[in-house]
Amino acid sequence: MPRDAEPQTVRLSDYLPPDWLVDTVHLDVRLHPTATRVIARLALRPNPAGREGSPIVLDGDDLMLKSVALDGRPLAGTAYAETRSSLTIFAPPQRPVVLEIETLIDPSANTKLMGLYRSSGTYCTQCEAEGFRRITYFPDRPDVLAVYTTRIEAEQAEAPVLLGNGNLQESGTVEGTTRHYAIWHDPWPKPCYLFALVGGKLDRITEPYLTATGKKVELGIYVEPGKAGRAGYAMDALKRSMRWDEEAFGCEYDLDVFNIVAVADFNMGAMENKSLNIFNDKYVLASPETATDADYAHIEGIIAHEYFHNWTGNRITCRDWFQLCLKEGLTVFRDQEFSSDQRSRPVKRIADVRLLKSHQFAEDSGPLAHPVRPTAYREINNFYTATVYEKGAEVVRMLKTLLGEEGFRAGMDLYFDRHDGQAATIEQFLACFADANGADLTQFALWYAQSGTPELDVRGTWDEATRSFRLDVEQKLPPTPGQSDKQPMVIPLALGLVGPDGTDLPLNLDDGSNTERGVLVVSQRKHSFVFRDVDVRPVPSLNRGFAAPVKLTSNLSTPDLVFLARHDSDPFNRFDATQSIALAYLVAATRAQQAGASAPSAAPLVEALEATLTDPSLDPAFVAQVLSLPSETDIAREIGRDVDPDAIHAARRALRGTLGEALRPELETAYSRLRPAGVYAPDATSAGGRALRNAGLDLLAATGSGADIARVVTHFETADNMTDRFSALSVLAHGAPAEREAALAAFYERFKGDPLVVDKWLALQAQIAEPGTLERVRGLTGHTAFAMTNPNRVRALIGTFSAANQTQFHRADGDGYRFVADTVLALDPRNPQLAARLLGAFKSWRALEIRRRTLAETELRRVAETSGLSPDVADIVARTLA
Ligand code: TRP
Ligand code: ZN
């Protein structure tokens, strides 16, 4: 077979509509462990918007072609050509045709987990982004929308459950055999990346759902045999998601069934296939004994996310993969809003911003920085990034901040109205908001095109004589790969002027205007605002709710920040004020550590935290967030260059001990006051109590005192739920070397039959900030509980080591880098997507001090020079080194 040229760079500017469209697809899939036969009947027609007289060019990957027929007649060998990645039908008649293609595939050999594969014996599919071409030859691009009918056939004993997209049309046994079949029909035209099928031995739970207009939907969740008892929370989250989408966006479900299948081997979190969502089982299965509060929250968020894709992604899909943020950014925004409404809005916002900063800001300040809508890619799998997802959601959030609640909803309504059934673009999305509001969003669109985190410097000055308050704002847009010169952006600056008694002063601009909803619109490089009638010196509370995803600096003093930590009416900024004090302290303490000097005074931080801990009006979940210090990567990012992870770790560790001592009475009070009554419940209020109690447990133990450690041991041994048990285990693993091994062994013994819990055990050990950890992790790769073939195990052990163990991944001898590079190379031939993700751990290598930087570069070069790399790894390593 002819070889293909090196994978080419795909460019947004080269977009051309498809030459051929597909109206209907009839698939006949005969499941077999190693030789699954796929017969595809495609009704094609020339696209009036395409190039006239074009051949039919279909994508394919790892397929064995058995036969091709056009309009019922087998094609002569000269009428078509097959390469490793395509099938071309030369000179087809320029009218509607029916193409029938028979291929053979081997699901058991499919270790990439793209296309049709097996997970614990269950047949399942993953087609986004380009997996459908591994099932049959097809124009594998999201702007080809077709109506699918799928016949699935399998051995009854091997796969009693057969699921497809849409509604079940027919099922039965295949006469004279031990096989059976099911025919599924999906009436909604969809791109092939939303195709799915499942076949296997699965247990299920079902529940009816009545939509807002009274249509009945049968909901099903399918899990491995014996695990149905752990699917209840996911079902509850699904029903709440469906109701919320009706209420918040007027989006109703559109088929008779909605199914979710949980599988153990999955490259990502979950997938929104039309009416047949497939999930990593980690985001479905939960019980109080095995799942933490954080797990419950993730399950709720991801169930919602995939469900919400039904409208934002499926009914309106993407024209091409450059528009990925059209569905992902918007759907993340929607799931964030859902969780905010179900739980505590401020606490959810804090959690989301923490994630944004730790992942997206880090990405945006390194070699892998790219716009929310990229303009070129070599491998699309590498663009399922924090920038596309999380920053993409922030951009949608800013639209809402700028247009207001009603203007935003009007834009969304118009979008659903205008583009339902289409494959759309970001331009079309923005045009809906512009048209519905009479707004000009030309400059706003730069958020999709310019990469990098904008820096906003804000100087406030109060003039007693004129009773005015002046804000001078300057935006800086640091250069990022391929973008040296940038235009000023539109930045919504949400703010308040806090008076001495803690109440917000009225916001009257000197031009007579009243700032709507407390939002200033910064659109120039340098932009000044003057407020009048400001009788007392206010403390400005800037970027409230983190309305703009920017790095903000200001002339606020530490006492100003302590004041905001006590009084700001905006809960996010109350949290953020304390974080800013802590971050400044930790940077100074790291420098002192490196210089061998003594640590600075932590008094202002202690004061802010004390005020928070003793304020009875505050939600415990919020207090727990305030108590949780900036992470080591946050500190590294703030330092920016010549980063020494050991010094950062030492400074942070010392501060935790200082705080445990200084806040002892308040922490002990919180610990005993929040002792739970009654049985475990995963709701936000109960979870908040546990979060604060466990934060106290942790800070107290950071003092290293025997009594505090003993408290943790008791907490561990008497816990009746995973949140408490695992919190205590973490404290022991990190801070109590003498108690660590016994506790880890007891935990393993208790949960060794449960892979998802074993993942926690693996991840925890990978995080220990001690020199022995690399050996421990190496040893664990040989443990019976570990499997290089399962992405969850790999991410838990090696992903955690590289992404969440700053001192040991960045060992000064370079062994951490060597180990991760070796793992990437070992994984790459099997599962390139997973390998490429792991390699992402090197993304901040240029910010390291010279010695580590050199060692990291050596390992990156070694990977780059290895022959036969997958496009996934080749692309990441090339961009990381560029
Ligand atoms: N669209 C999925 C989501 O909801 C992402 C996804 C799932 C995915 N599996 C994948 C992307 C495999 C690429 C490859 O966000
Ligand atoms: Zn998504």
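See the structure printed just above.
Caption draft 1: Highlighting the packing of helix α1 (residues 232-249) against helix α5 (residues 386-419). Interhelical geometry of α1 versus α5 gives an angle of 110° and a closest axis separation of 11 Å. Classed by the angle they form, the pair α1 and α5 counts as roughly perpendicular. Residues Glu-247, Ala-248 and Phe-249 of α1 pack against Phe-408, Arg-409, Met-412, Asp-413 and Phe-416 of α5. Per-class residue counts for the contact of α1 with α5 are 5 nonpolar, no polar and 3 charged.

Caption draft 2: Structural detail: the pattern of salt bridges. All told, the structure shown has 81 salt bridges when counted by the stated rule. Glu-272 is the salt-bridge partner of Lys-327, the closest N and O atoms lying 2.7 Å from each other. Within this pair, whereas Lys-327 is found in helix α3 (residues 324-342), its partner Glu-272 is found in the loop between β20 (270-271) and β21 (276-280), the two being separated by 55 residues in sequence. Taking the shortest distance from any N to any O, the salt bridge between Arg-315 and Asp-420 comes out at 2.7 Å. Taken as a pair, Arg-315 in the loop between α2 (293-308) and β22 (317-318) and Asp-420 in the loop between α5 and β24 (423-424) lie far apart in primary sequence, 105 residues in all. Here the residues in one salt-bridge network are Arg-811, Asp-813, Asp-815, Arg-818, Asp-822, Glu-859 and Arg-862, joined through shared partners.

Caption draft 3: Structural view of the coordination of the zinc ion (ligand 2). Around the zinc ion (ligand 2), the protein supplies His-305 (NE2), His-309 (NE2), Glu-328 (OE) and Glu-328 (OE) as donor atoms, at distances of 1.9 to 2.7 Å. The site at the zinc ion (ligand 2) holds 6 donor atoms, and with the angles between them running 49 to 160°, its shape is irregular. Every donor residue of the zinc ion (ligand 2) comes from the same chain, spaced as H-x3-H-x18-E. Placement of His-305 in helix α2 and of Glu-328 in helix α3 is noted, with a sequence separation of 23 residues between them. Assigned by exposure class, His-305 and Glu-328 land together as buried.

Caption draft 4: Examining the packing of aromatic side chains more closely. Per the counting criterion, the structure on display carries 36 aromatic pairs. Between Phe-258 and Tyr-307 the ring centres are 5.5 Å apart and the planes differ by 80°, which places this aromatic pair in the edge-to-face class. Residue Phe-258 is found in strand β19 (residues 257-263), and its partner Tyr-307 is found in helix α2; the two are separated by 49 residues along the sequence. Centroid distance Tyr-415 to Phe-416: 6.0 Å. Interplanar angle 45°. Geometry classified as tilted. With a relative accessible area of 1%, Tyr-415 lands in the buried category.

Caption draft 5: Summary view of the sheet that holds strand β17 (residues 203-210). An order of β17-β18-β19-β21-β20 is seen for the 5 strands of this open sheet, with the pairing classed as mixed. The open sheet terminates on both sides in strands that have one partner only, identified here as β17 and β20. Where β19 lies against β21, 5 bridges are found, and the strand directions are parallel. Its bridge partner being in β21, Val-263 is matched across the sheet by Asn-280. Contacts from α2 reach β19, β20 and β21 within the one sheet, and its direction differs from that of β21 by about 150°.

Caption draft 6: Local environment of the site of ligand 1. The environment of ligand 1 is formed by 15 residues, the closest being Glu-128, Ala-270, Glu-272, Glu-306 and Tyr-389. Between Glu-272 and ligand 1, the recorded distance is 2.7 Å, taken from a side-chain N or O atom to a nitrogen atom. His-309 places a side-chain nitrogen or oxygen 3.4 Å from an oxygen atom of ligand 1. Out of a free accessible area of 370 Å², ligand 1 has 97% covered by protein chains. Elements with a minimum of two residues in the shell around ligand 1: β20, α2 and α3. Counted by class, the shell around ligand 1 contains 6 nonpolar, 4 polar and 5 charged residues.

Caption draft 7: Quick peek at the environment of Gln-487. Mapping Gln-487 onto the fold places it in the loop between β26 (468-476) and β27 (491-498). Separated by 10 residues in the primary sequence, Gln-487 and Leu-477 have C-alpha atoms spaced 8.0 Å apart. Discounting chain neighbours no more than four positions away, the residues touching Gln-487 are Leu-446, Gln-450, Leu-477 and Arg-525.

Cut-offs used in this document
Residues numbered from 1 in each chain as written. Chains lettered and ligands numbered in written order. Predicted model: local features only at pLDDT ≥ 70, side-chain atom pairs only at ≥ 80, totals over all residues. Heavy atoms only, no water. Axes fitted to C-alpha atoms, helices over the stretch in contact; angles between N-to-C directions. Helix = DSSP H or I, 4+ residues; strand = E, 2+ residues; numbered from the N terminus. Parallel < 35°, antiparallel > 145°, perpendicular 65-115°, else oblique. Contact = heavy atoms within 4.5 Å. Nonpolar A, V, L, I, M, F, W, Y, C, P; charged D, E, K, R; others polar. Salt bridge = Lys/Arg side-chain N within 4 Å of Asp/Glu carboxyl O. Donors = N, O, S within 2.8 Å, 3.2 Å for Na, K, Ca; no water. Tetrahedral: all angles 85-135°; square planar, octahedral: opposite > 155°, others 65-115°. Buried < 20%, exposed > 50% of the residue type's maximum accessible area, 1.4 Å probe, protein only. Phe/Tyr/Trp six-rings, centres within 6.5 Å; stacked < 30°, edge-to-face > 60°. Pairing = 2+ DSSP bridges. Near = heavy atom within 4 Å. Polar contact = N/O pair within 3.5 Å; in protein donor to acceptor, adjacent residues only side chain to side chain. Areas by Shrake-Rupley, 256 points an atom, 1.4 Å probe, with all protein chains shown as cover.

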